[in-house]
Every structure is written in C-alpha cells, then in structure tokens.
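Below are the chains, spelled out letter by letter.
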Amino acid sequence: MEMRRLGADGPRVAPIGLGCSAMSGAYGPADEKESVATIHAAIDAGVTLLDTADFYGMGHNEWLIRQALRAGDREKVVLSVKFGQLTGLDGTFGISDGRPAAVKTFLAYSLQRLGTDHVDIYRPARLDPAVPVEETVGAIAEAVRGGYVRGIGLSEVGPETIRRAHAVHPIADVQIEYSLFSRGAEDGVLETCRELGIGVTAYGVLSRGLLSGSYRPVADATGARSHLPRFQDANVAANLALVENLRKIAEPRGITVAQLAIAWVLAQGRAGTRPEGDVVALVGARRPRRVTDAVAAAGLTLTDEELAAVGRAVPRAAVAGERYGAAAMAHLDSER
C-alpha cells in the first residue's frame, strides 16, 4: 500500500487504518481472541495506523491493544488516541474535558494502559466549549516537548478551530466522519486542511455498517446503532435502497459494496495536492476477514466515469437521517 503522510512532518501511514472501537462493545459484544487476531491481521497486511480512545470500553480498548501488540509491533504501528469524552456510570457520553490538567491525567492513564512510553498522535475527542482550543493544544504541545506525544490531532472540528489550533502547534491530522453518507467534511474542513498541510483521517467510511453491503435491520439493535437516526424506522430502508444502487456498480467490477465505498473515500484524498493522497480511511473491524476486504480496497482505482456513477447512485441530499442524534450533533464543532 502506498503510504500517506499525516501533516507536513507527521508519520507516514498506510491509506487504510484500523478503527478499534468495535472490539470494545461499540456495536455489541466482541470476542477478545478474535479482536486480537484482527489486530494481528491488520499489522501483517501492512496497516500501520491503529485508532483508539481512552473511553472505548472505558479503557478496555487500550488494554486490548497492549495485549495484542507482539514483540516488534510497537515500532511498526502509529497509535492514535482520542481523549476527553466523559462517560457516565451507565455508559452514556457527556461533555468533553479539554482542561490542560485533565489532558495530562488522561495521557498518563493511556500510557499505562497501552504499555508504551509515548503516543504517536493524541487528540481531544470533541472540542470542549468551556476551554479555548489553544489551551488544550498547548497542554498536548507540552507533552510533545516532554517526549510523551509525537504528534497532535483534532477530531470533529471546523475550519476556524483548525486554524486556531494549528497556530499554537502544527496539527498532524483532523479526524472526521467522511463517507458517501456523510459529506460534511467537504464544507470547508478538507479545504482548510489542504491549505495548512494537515492530513485527514476519515472515520465511519462504511457509515457504521450501512455501507458494508451486508447490513440487515434488526428489531432489537444494540450498541451505538440503536441510537443513531440513520438506523431508525423509514430512514434505514431509504439508506439501504441507496446501498443497492451502489451494488449495481460494484458487482460488475467484481468488488464488494464496502470496497467501493472505501475506494471512493480514498479517491477524494487524491483530489488534494499530494500525489499519494491526503485522506486515510479508518475502517472499523473486529474480525480478520474485514481487514482483508478493506486492505484490498486500497489497491482500487476508480475511473472518472465510475466516480460519477457513484455520485449519481448516492446523491448527498438523498441520505436519510443525521449521523448522530440532536444532542450529539449540537456538540460537534465541525457542524457549526
């Protein structure tokens, strides 16, 4: 896989990254042995970016990654860690905490759980509206100078916040949901990142399974999907009809809908100034075969005709439902 650099001087990573949240219960129970096998399969296939957060499974995900990394693996991977998302006793998410003192505490705990002396990219999961982003980034910059962090990232922030943060310390990448079903990154975030030389890591490239080509509605959905508007009532039926439009494009080429959706995201990265592309696709997985399918998508090149056909198959305005509920959407700086 052709490597892509995160930021002007950040790490070089494969175009496919592994999102690890599903290994810690985000979409229902996960088997730890199979999760470890998935991490091994990703590393062995050339995937270098592992994306996690201190609140995935309330620390479980970081511990799992520590257990999965074999001798020599730490030097091969780039660990991207989100922090600050406060979690209640019932598992519900609250506000984000970006206070400088909290940043240092969160980082200390993550280093312990991961069993490493540094994090490659450290980022607030969401913007704390009560704390200027300059203060949060400044605290991470201190950790960079101390050798505990190699690069600074952001997540779900808009152009103004990106500029303010980048003025304090160079930002390696901005993580934002970006897929055929979630196109908000095109409303200024991609342009700003390219202007400043910042990479983009796209999560939700399969829209939490809707774009997998294999999702079927269930009456008793658990985990994150049970709260997401796109999986509710008539919305899910409308969205799955769009997936069938994509299937008509994918099958004649001998690829899956998921591979087509991933290849589309990577193709948007090639629209930038870097020949190798400036968007990395984070693919969530908890089974090795999902990694195999995703990695194959990195080698696909979609023609202009195919990209146009995909655009017609999934018009931006045709997607039914917001990507989060109203309360969560209100906390997204990227949506303002």
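Everything numeric in this text was worked out from a predicted model, so none of it was measured.

This brings us to the pairing of strand 4 (residues 49–53). A large share of strand 4 lies buried, amounting to five of its five residues. Burial of the side chains of strand 4 extends over both faces: Leu49, Asp51 and Ala53 are buried on one face and Leu50 and Thr52 on the other. Relative to strand 4, strand 3 (residues 16–19) is paired through two bridges, and the arrangement is parallel. Bridging from a neighbouring strand, Leu18 pairs with Leu50 of strand 4. In this sheet, strand 5 (residues 78–83) lies alongside strand 4 in parallel orientation, the contact comprising five bridges. Bridge pairing in strand 5 places Leu49 opposite Val78. Taking the sense of rotation as the criterion, the β-α-β connection linking strand 4, helix 2 (residues 60–68) and strand 5 turns out right-handed.

With that settled, the discussion passes to the pairing of strand 7 (residues 93–96). When strand 6 (residues 85–87) meets strand 7, the two strands line up antiparallel, connected through two bridges. Within the sheet, the bridge partner assigned to Gln85 lies in strand 7 and is Ser96.

The backbone of Met58 shows a phi angle near 55°, a positive value even though the residue is not glycine. Within the secondary structure layout, Met58 lies in the loop between strand 4 and helix 2. For Arg208, which is not a glycine, the phi torsion comes out positive at approximately 55°.

Here the focus is the sheet that holds strand 12 (residues 279–284). The strand order around the closed barrel built from eight strands is 3-4-5-8-9-10-11-12, with neighbouring strands paired in parallel fashion. Strand-to-strand twist in this sheet, taken as the mean axis angle between neighbours without regard to direction, amounts to 30°. With five bridges joining them, strand 10 (residues 171–177) and strand 11 (residues 199–203) adopt parallel strand pairing. Following the sheet pairing, Val174 is matched in strand 11 by Val200. Sitting on the sheet, helix 3 (residues 100–114) touches strand 5, strand 8 (119–124) and strand 9 (149–155), and the angle it makes with strand 8 is about 140°.

With that settled, the discussion passes to the pattern of salt bridges. Per the stated rule, a full pass over the model turns up 23 salt bridges. Residues Glu177 and Arg208 are paired through a salt bridge, measuring 2.8 Å at the closest nitrogen-oxygen approach. Of the two residues, Glu177 is situated in strand 10 and Arg208 in the loop between strand 11 and helix 7 (233–253); the sequence distance between them amounts to 31 residues. Relative accessible area serves as the criterion here: at 1%, Glu177 is assigned to the buried category. According to the relative accessible area criterion, Arg208 is buried, its value standing at 12%. A salt bridge links Glu177 to Arg323, with the shortest nitrogen-to-oxygen separation between them at 2.9 Å. Taken together, the positions of Glu177 in strand 10 and Arg323 in the loop between helix 10 (304–313) and helix 11 (326–330) put the pair 146 residues apart, joining distant regions of the chain. A residue is classified by how much of its surface remains accessible, and Arg323, at 6% relative accessible area, is buried. Shared partners join several salt bridges into a network, and the residues in it are Glu156, Glu177, Arg208, Arg323 and Glu335.

In the structure shown here, the tally under the stated rule is three cavities of 30 Å³ or more. In this structure, the largest cavity occupies an estimated 60 Å³ of space. Around the largest cavity, the lining residues are Gly98, Pro124, Arg126, Leu127, Asp128, Val133, Thr136, Ser155 and Val157. A breakdown of the residues in the lining of the largest cavity according to their chemical character gives four nonpolar, three polar and two charged. In this model, the second largest cavity occupies a volume close to 50 Å³. For the second largest cavity, the full set of lining residues is Ile16, Gly17, Leu18, Ala42, Val47, Val283, Ala285, Arg290, Val291, Ala294 and Val295. Those elements that provide at least two residues to the lining of the second largest cavity are strand 3 and helix 9 (288–297). When residues in the lining of the second largest cavity are grouped by element, the largest group, four residues, is from helix 9. Residues that form the lining of the second largest cavity fall into these classes: nine nonpolar, one polar and one charged.

Structurally, Ala141 is set in helix 4 (residues 133–145). By relative accessible area, Ala141 is classed as buried at 3%. For Ala141 and Arg194, which are 53 residues apart along the polypeptide, the C-alpha to C-alpha distance reads 22 Å. Contact partners of Ala141, with chain neighbours within four places excluded, come to Ile152 and His169.

What counts and how
Every chain is numbered on its own, with residues counted from 1 as its sequence reads. Per-residue local features are limited, in this predicted model, to residues with pLDDT of at least 70; the limit for side-chain atom pairs, both in listing and counting, is 80 or more; totals at the level of whole chains, interfaces and linings are taken over all residues. Side-chain metrics in this entry use all non-hydrogen atoms of the structure; hydrogen atoms and water are not considered. Between buried and exposed lies partly exposed: a residue is buried under 20% and exposed over 50% of the maximum accessible area for its type, with that area taken using a 1.4 Å probe on protein chains only. Runs of E in the DSSP output that reach at least two residues are strands. Runs of H or I that reach at least four are helices, and both are numbered from the N terminus. Here a strand pair is declared whenever DSSP counts at least two bridges between the two strands. With strands facing away from the observer, any crossover in which the path from the first strand over the helix to the second runs clockwise is taken as right-handed. Axis lines are fitted to C-alpha atoms, over the contacting stretch for helices. Their N-to-C directions set the angle, which ranges from 0 to 180 degrees. Two residues form a contact once any of their heavy atoms are found within 4.5 Å. Salt bridge, as used here, is a side-chain nitrogen of Lys or Arg placed within 4 Å of a carboxyl oxygen of Asp or Glu. Grid points spaced at 1 Å over the protein atoms alone were grouped into cavities, where a 1.4 Å probe fits but cannot get out, and pockets, open sets with protein on both sides within 12 Å along at least five of seven lines, with lining residues defined by an atom within 4 Å of a point. Grid points are joined across faces, edges and corners, and a volume is the space filled by probe spheres set on the points. Each residue is assigned to one of three groups, with Ala, Val, Leu, Ile, Met, Phe, Trp, Tyr, Cys and Pro labelled nonpolar, Asp, Glu, Lys and Arg labelled charged, and all others, Gly among them, labelled polar.

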